[in-house]
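Per-entry structural report
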Amino acid sequence: MPRGQFGKGYNTAQATPQHNSAIAQDVPLPPERRNKVPNLYVSALKWYVCTTAPSRELSAAASVRQAMLRGRREGETPFAAYVPCEFFWHRAVRSNLRVPRREIQRPILRHYIIVGVLGGLCDDTLAALRERDREGRNVHGLLGILGVSGLGPRPMNGEGLRWLRSQGADEIAGATNRSAAGTIQPGEDVRAGSGVFSGFLGKFIGTAEGGTVGVIALDMRSTSCEVRLPIEDVHRAA
């Protein structure tokens, strides 16, 4: 290596091409982390809306599913929990590196989880949901259970159950996958997820450059323009 102005190799080194680079592969959510849709048609389950701390929805639901009763019903686990989620494919930007896309899930109802209780809430099940640690914090991360003043927690009505079952069916069918690849058809409403038009609504036209780029049409005042974004940044409009 020749000697540079400030010593050997200081300003004369050249970049070496990388011949063994591998194409980054998509990384889906592992099965143990993917949101679980319970059986929402069990007639014995009464469903209640509970509140949680920010970003604790999924961990609170996992904790509630494992909650056990004490006393005369020692060891019973009469709880189910559901957090309606939507899914995205996201590629992090790290300098000029091509990092893999990762699938992420995000609760649709922030701060809320839906808890099912066999037979409905009673003193034993309420005690399990309201259990606290030494510092007075709820062990499941719950903040409260929605109800009526003077009557206490109330289960979801028929209209709420219909919405809940419809949401669960959509999630199982993949309709809550907001990324464009393979799921959004031309003409569907989409939302830009990056760039200067991030958050703008438009129409999905199609893909380009081998499916890595999504083309959407944005209506701006009296004109329409086409915008090209990475396919993972084209999201189905909720």
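Refer to the structure printed above.
This write-up is about the structure you can find in this document. Please read these numbers as outputs of a predicted model, since none were measured by experiment.

What follows is about the overall build of the protein chain. The helix and strand tally for the protein chain stands at three helices and 15 strands. Residues counted as buried form 37% of the 238 residues belonging to the protein chain. Within the protein chain, counting contacts between residues at least 6 apart in sequence, those at least 24 apart form 60% of the total.

Another aspect to go through is the packing of aromatic side chains. All told, the structure shown has one aromatic pair when counted by the stated rule. With 5.6 Å between their ring centres and 75° between their planes, F197 and F200 make a pair best called edge-to-face. Owing to a relative accessible area of 38%, F200 belongs among the partly exposed residues under this scheme.

A separate point is unusual backbone geometry. Phi at S55 is positive, roughly 65°, even though this residue is not glycine. Mapping S55 onto the fold places it in the loop between β3 (45–52) and α1 (57–65).

Once that is clear, we can look at the environment of T52. Mapped onto the elements of the fold, T52 is located in strand β3. Considering only alpha carbons, one finds T52 and G144, 92 residues apart in sequence, at a separation of 7.3 Å. Sequence-distant contacts of T52, that is, excluding residues within four places in its chain, are made with E57, A60, H111, Y112, I113, G141, L142 and L143.

So, on to the side chain of E171. As for its position among the elements, E171 is in helix α3 (residues 158–173). At 7.0 Å, R34 is the nearest oppositely charged side chain to E171, a buried residue that forms no salt bridge. With sequence-adjacent residues up to four places away left out, E171 is seen in contact with N35, V37, Y82, V83, P84, C85, F87 and T176.

Here four strands make up an open sheet; going across it, the order is β4-β7-β3-β8 and the pairing antiparallel. In the strand order of this sheet, the two ends are held by β4 (79–82) and β8 (142–145), each with one partner. Strand-to-strand, the axes of this sheet are offset by a mean angle of 35°, without reference to chain direction. Relative to the sheet, α1 contacts β3, β4, β7 (112–118) and β8, its axis offset from that of β7 by approximately 10°. Strand contacts of α3: β3, β4 and β7, with the helix running at about 70° to β4, the strand carrying the most contacts.

So, on to the pairing of β7. Within β7, five of the seven residues are buried, which leaves it mostly tucked inside the rest of the structure. Pairing analysis gives seven bridges linking β3 to β7, with the strands arranged antiparallel. Across the sheet, W47 pairs through a bridge with G116, a residue of β7. Pairing between β4 and β7: four bridges, direction antiparallel. Opposite Y82, over in β7, you have I114 as the bridge partner.

Time to look at α1. Within α1 the residues assigned to the buried category are E57, A60, A61 and V64. For α1, the angular spread of the buried residues around the axis is 100°, confining them to a single face. Where α1 is buried, its residues touch β3, β4, β6 (101–107), β7, α2 (123–129) and β8.

Cut-offs and rules
- Residues numbered from 1 in each chain as written.
- Predicted model: local features only at pLDDT ≥ 70, side-chain atom pairs only at ≥ 80, totals over all residues.
- Heavy atoms only, no water.
- Helix = DSSP H or I, 4+ residues; strand = E, 2+ residues; numbered from the N terminus.
- Buried < 20%, exposed > 50% of the residue type's maximum accessible area, 1.4 Å probe, protein only.
- Contact = heavy atoms within 4.5 Å.
- Phe/Tyr/Trp six-rings, centres within 6.5 Å; stacked < 30°, edge-to-face > 60°.
- Lys, Arg positive; Asp, Glu negative; His and termini not counted.
- Salt bridge = Lys/Arg side-chain N within 4 Å of Asp/Glu carboxyl O.
- Pairing = 2+ DSSP bridges.
- Axes fitted to C-alpha atoms, helices over the stretch in contact; angles between N-to-C directions.
- Arc of directions from axis to C-beta.

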